[in-house]
Amino acid sequence: MSSIPASVGSPDGTLSVPDRSRRRLPAVLAVLVAAALVVSAFGAKDPTTWVLETVWVMVGLPMAVLLRRRFPLSGLLCGLLAVHAIILIVGGHYTYADVPAGDWVREWFGLERNPYDRFGHLMQGFVPAILVRELLVRTSPLRDSRWLAPLTVCACLAFSATFEMLEWLAAVIGGQAADAFLGTQGDVWDTQWDMFCALIGAIASLLLLSQPHDRSVARLGVSANA
């Protein structure tokens with residue numbers, strides 16, 4: 001069923017405090033992400049890896065800002081994209097195999113490897129699932145289709161596979177210099193694990209966030225599939 005768009009103003013035509021806060025949220029998040037990106041460049045463990053890992057933020061953030069009036073993103077999606085950007089920025093600064101938080105988790109649970117890379121690929125499915133879903137809900141006939149969720153998952157898997165091919169290309173071109181970017185940590189099945197994590201992340205995102213996403217999209221004044 002379709003969500004009902006929420007009112008975007010008060011009876012006198014002015015924006016209410018919650019509405020003003022929602023409209024400021026994307027700008028606040030953009031500033032925070034941009035600041036984190038700049039700070040992360042200083043003292044990055046491997047400058048080349050930092051560029052390769054954060055290039056998605058360098059491209060995505062300006063695009064979101066430039067298109068904010070023509071195609072404003074829902075509040076939920078903005079928040080998820082900001083979180084994902086921070087994950088990429090942290091991974092780029094330390095390299096995924098050496099993120100301190102991942103080392104702590106490895107020690108606590110007696111793991112053989114730093115799990116931050118796995119977490120990053122889980123989010124590689126979790127966040128893009130809502131991005132793809134929003135694009136399909138707002139721009140395609142799939143809004144009320146049972147194919148919305150399956151095609152969203154397929155798109156996330158396609159993106160994950162494309163990323164793995166980019167890693168392969170980096171390895172071919174850079175040789176051992178690309179090891180920090182690959183982050184395999186000696187696991188011969190790392191590529192398969194990465195795509196599996198993205199798959200689980202995409203499915204979990206749709207199961208947990210589809211209805212909240214519908215409500216968030218409805219606040220923009222467009223209906224969404226529930």
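Above this text you will find the structure in question.
Note that this is a predicted model, so its numbers are computed, not measured.

Caption draft 1: Main features of the nonpolar core. In this structure, Val33, Val57, Leu80 and Phe126 are the most contacted members of the largest nonpolar core, which totals 22 residues. Residue assignment for this core shows that the elements contributing at least two residues are α1 (17-41), α2 (47-66), α3 (75-94) and α5 (116-139). With 8 residues, the top contributor of residues to this core is α3. Setting aside its immediate chain neighbours within four residues, Val33 contacts Val57, Leu61, Ala82, Ala85 and Ile89.

Caption draft 2: Examining the packing of aromatic side chains more closely. Tallying each qualifying case throughout the model produces 5 aromatic pairs. Ring plane angle 75 degrees and centroid distance 5.6 Å describe the contact between Trp56 and Phe159, whose orientation is recorded as edge-to-face. Taken as a pair, Trp56 in helix α2 and Phe159 in helix α6 (residues 148-174) lie far apart in primary sequence, 103 residues in all. Grouped by ring-pair contacts, the aromatic residues Trp56, Phe159 and Phe163 constitute a single cluster. If you follow Arg138 out to its NZ or CZ, it ends over the ring of Phe71, 3.9 Å from the centre.

Caption draft 3: Fine view of the packing of α3 against helix α8 (residues 190-218). Following both chains from N to C, one finds α3 and α8 inclined at 120 degrees, their axes separated by 7 Å at the closest point. Looking at the two axes, α3 sits oblique to α8. Together, Gly75, Leu76 and Leu80 of α3 and Leu209, Pro212, His213 and Ser216 of α8 make up the contact between the two elements. In terms of residue class, the contact of α3 with α8 is built from 4 nonpolar, 3 polar and no charged.

Caption draft 4: Seen up close, α2. If you check α2, its first and last C-alpha atoms are 27 Å apart, about what 20 residues at 1.5 Å a residue would give, namely 28 Å. Among all positions of α2, only Thr49, Trp50, Glu53, Thr54 and Val57 are buried.

Caption draft 5: Region of the structure containing the packing of α5 against α8. Between α5 and α8, the shortest axis-to-axis distance is 6 Å and the interhelical angle comes to 45 degrees. The angle between the axes of α5 and α8 places the two elements in the oblique class. For the crossing formed where α5 meets α8, the hand is right-handed. Looking at side-chain class alone, the contact of α5 with α8 contains 14 nonpolar, 7 polar and 8 charged residues.

Caption draft 6: Representation of the environment of Ser160 in the model. The residue Ser160 is located in helix α6 in this model. Look at Ser160 and you get buried, because its relative accessible area is 0%. When the C-alpha atoms of Ser160 and Gly125 are compared, they prove to be 7.6 Å apart, with 35 residues separating the residues in sequence. Ser160 has contacts with Gln124, Asp194, Met195 and Ala198, leaving out every residue within four places of it along the chain.

Definitions and limits used
Residues numbered from 1 in each chain as written. Predicted model: local features only at pLDDT ≥ 70, side-chain atom pairs only at ≥ 80, totals over all residues. Heavy atoms only, no water. Core = buried A, V, L, I, M, F, W, Y, C linked by side-chain atoms within 4.5 Å. Buried < 20%, exposed > 50% of the residue type's maximum accessible area, 1.4 Å probe, protein only. Helix = DSSP H or I, 4+ residues; strand = E, 2+ residues; numbered from the N terminus. Contact = heavy atoms within 4.5 Å. Phe/Tyr/Trp six-rings, centres within 6.5 Å; stacked < 30°, edge-to-face > 60°. Lys NZ or Arg CZ within 6 Å of the ring centre and 35° of its normal. Axes fitted to C-alpha atoms, helices over the stretch in contact; angles between N-to-C directions. Parallel < 35°, antiparallel > 145°, perpendicular 65-115°, else oblique. Nonpolar A, V, L, I, M, F, W, Y, C, P; charged D, E, K, R; others polar. Expected span 1.5 Å × (residues − 1). Left-handed = near helix turned anticlockwise from the far one by under 90°.

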